[in-house]
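Descriptive structure summary
Residues per chain, in single letters:
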Number of protein chains: 2
Amino acid sequence: MKTIAVDMDGVLANVFEQYLALDEKHTGRRKSAEDVRVIPEMEAFARAREYVLSSGFFRNAPVIRDSQNVLCRLQQVYDVYIISSAMEYPNSLAEKYEWLQEHFPFISWQKMVFCGSKRIIRADIVIDDHTKNLDCFLGVTYLFSAPHNHFVSSEKHIRVHSWSEVAEILL
Amino acid sequence: MKTIAVDMDGVLANVFEQYLALDEKHTGRRKSAEDVRVIPEMEAFARAREYVLSSGFFRNAPVIRDSQNVLCRLQQVYDVYIISSAMEYPNSLAEKYEWLQEHFPFISWQKMVFCGSKRIIRADIVIDDHTKNLDCFLGVTYLFSAPHNHFVSSEKHIRVHSWSEVAEILL
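Scoring rules and cut-offs
Residues numbered from 1 in each chain as written. Chains lettered and ligands numbered in written order. Predicted model: local features only at pLDDT ≥ 70, side-chain atom pairs only at ≥ 80, totals over all residues. Contact = placed C-beta atoms within 7 Å. Helix = DSSP H or I, 4+ residues; strand = E, 2+ residues; numbered from the N terminus. Pairing = 2+ DSSP bridges. Expected span 1.5 Å × (residues − 1). Buried ≥ 20, exposed ≤ 12 C-beta atoms within 10 Å, placed from the backbone. Arc of directions from axis to C-beta. Axes fitted to C-alpha atoms, helices over the stretch in contact; angles between N-to-C directions. Parallel < 35°, antiparallel > 145°, perpendicular 65-115°, else oblique. Left-handed = near helix turned anticlockwise from the far one by under 90°. Nonpolar A, V, L, I, M, F, W, Y, C, P; charged D, E, K, R; others polar. Domains from an automatic or database assignment. Least-squares fit on C-alpha atoms with pLDDT ≥ 70 in both. Right-handed = clockwise from strand over helix to strand, strands pointing away.

Attention now goes to the interface of chain B and chain A. On the chain A side, the residues contacting the 22 residues of chain B number 22 residues. Every element with two or more residues in the side of chain B that touches chain A is listed here: β1 (3-7), α5 (92-103) and β3 (112-115) of chain B. Considering every element that reaches the side of chain B that touches chain A, the biggest residue donor is β3 of chain B, with four residues. Here strand β3 (residues 112-115) of chain A runs beside β3 of chain B; their pairing, made up of three bridges, is antiparallel. Opposite Phe-114 of chain A, over in β3 of chain B, you have Phe-114 of chain B as the bridge partner.

What follows deals with α5 of chain B. Residues and elements named next belong to chain B. With twelve residues, α5 extends 16 Å from end C-alpha to end C-alpha; this agrees with the ideal 16 Å at 1.5 Å per step. The complete set of buried residues in α5 reads Ser-92, Leu-93, Lys-96, Tyr-97, Trp-99 and Leu-100. Down the axis, α5 shows its buried residues gathered within 160° of arc, on one side only.

Running from amino to carboxyl end, helix α5 (residues 92-103) of chain A crosses α5 of chain B at an angle of 155°, the nearest separation of the two axes being 8 Å. The orientation of α5 of chain A relative to α5 of chain B falls into the category roughly antiparallel. Pair α5 of chain A / α5 of chain B crosses with right-handed handedness. On the side of α5 of chain A, the interface is formed by Leu-93, Ala-94 and Tyr-97 of chain A, while α5 of chain B contributes Leu-93, Ala-94 and Tyr-97 of chain B. Split into classes, the residues belonging to the contact of α5 of chain A with α5 of chain B amount to six nonpolar, no polar and no charged.

What follows concerns the sheet that holds β1 of chain B. Within the open sheet, the twelve strands sit side by side as β6(A)-β5(A)-β4(A)-β1(A)-β2(A)-β3(A)-β3(B)-β2(B)-β1(B)-β4(B)-β5(B)-β6(B). Their pairing is mixed. Of all the strands in the sheet, the pair left with one neighbour each is β6 (158-160) of chain A together with β6 (158-160) of chain B. Taking the axes of each pair of neighbouring strands and ignoring which way they run, one obtains an average angle of 25° across the sheet. Two strands pair when backbone bridges link them, and strand β2 (residues 79-85) of chain A and β3 of chain A are joined in this way by four bridges, in the parallel orientation.

Before going further, it helps to spend a moment on the domain arrangement of chain A. All names here are of chain A. Looking at chain A, the domain boundaries give domain 1 (3-14 + 62-170) and domain 2 (15-53). Computed over C-alpha atoms only, the centres of domain 1 and domain 2 are separated by 21 Å. Each partner contributes to the interface: domain 1 provides twelve residues, whereas domain 2 provides twelve residues. Split into classes, the residues belonging to the side of domain 1 that touches domain 2 amount to six nonpolar, five polar and one charged.

Our focus in this paragraph is the packing of helix α4 (residues 67-74) of chain A against helix α7 (residues 163-170) of chain A. How two helices sit against one another is set out by the angle between their axes and by the gap between those axes. Residue and element names in this part refer to chain A. Interhelical geometry of α4 versus α7 gives an angle of 20° and a closest axis separation of 9 Å. It follows from the interaxial angle that α4 and α7 lie roughly parallel. Here α4 runs over α7; the crossing is left-handed. Packed against α4, whose contacting residues are Ser-67, Val-70, Arg-73 and Leu-74, the element α7 presents Trp-163, Val-166, Ala-167 and Leu-170 at the interface. Classifying every residue of the contact of α4 with α7 by side-chain character gives six nonpolar, one polar and one charged.

You can overlay chain B on chain A at an RMSD of 0.0 Å; the transform is a turn of 180° with a shift of 0.0 Å along its axis. These values place the two chain copies in the arrangement generated by a two-fold rotation axis. Of the residues that chain B buries at the interface, 100% are likewise interface residues in chain A, meaning the two copies contact each other through the same surface.

A separate point is the pairing of β2 of chain A. Residues and elements named next belong to chain A. With six of seven residues buried, β2 is to be regarded as a mostly interior element. Two elements, strand β1 (residues 3-7) and β2, share five bridges in a ladder whose sense is parallel. From the neighbouring strand, Asp-7 faces β2, where its bridge partner is Ile-83. You can see the chain leave β2, run along α5 and come back into β3, and the turn it takes is right-handed.

See the structure below:
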């Protein structure tokens, strides 16, 4: 059974919406996706670090469309692991664990990984929204579309725009 | 640079001492290492699960002798990661993070991994006290001696009894 490593932020959890919502609360104006395209979140939002460190940032992130349904089906034919870079923000550890339990109850604790660098992970297939995380993998790598990677060239990686597209390719 | 994956409980953190101390508190008698040899902690101590779930169990574990000194030296010649099975006890996530920060401040957050199963980890060298964690690795595997693995046959793995022995082999 092939192993799939699935990233969390920007792939399952819509943290971008969290940045947008908190930014709107502070500035009184909602940025559009076009406003922040190409720009890493940390530069796109002046108070990004404050937002990330605020209680509930990860716990209350909306679920990315179709991810629950497709991941549940993928799990029947692949060995699915959720791999999240959580160590930079230790407050996120408990929030991410609870979020996964609520929204992906079919993912057991055996299949969760919270790490710093992803260089230590071994998988046949990887789905991530950051090329820096995909570049170190030897297997098949999918770049999940996000505003910050909109113009990123993905010669080494296969771009996917949605979970329904992932389903079409992998199921 | 070769990658070393180092387990935490039983290799860096003396959780066995935590079991012994809590058991003594409850029973009024301190078990000897001989009393619990060969037996997994969960069977050796009647209230093991209660102990593991209690606040401070992981946070207050003593450091295993010489591990700080040797790991610091290993880090100069290897890419060292700390890989801990933390997901079964989510209360341990924050405690383990704080414990590492206190006792191993030279290990950056990039090099910490909290997981469920270790099958997803890729490393050249692994040090762990459980054969079930070592069996899935392709690289060189070291079984770190602990009371529960005292009579475990280690044909596939190289047994090491202490961190000074690890230093002799790897440095």
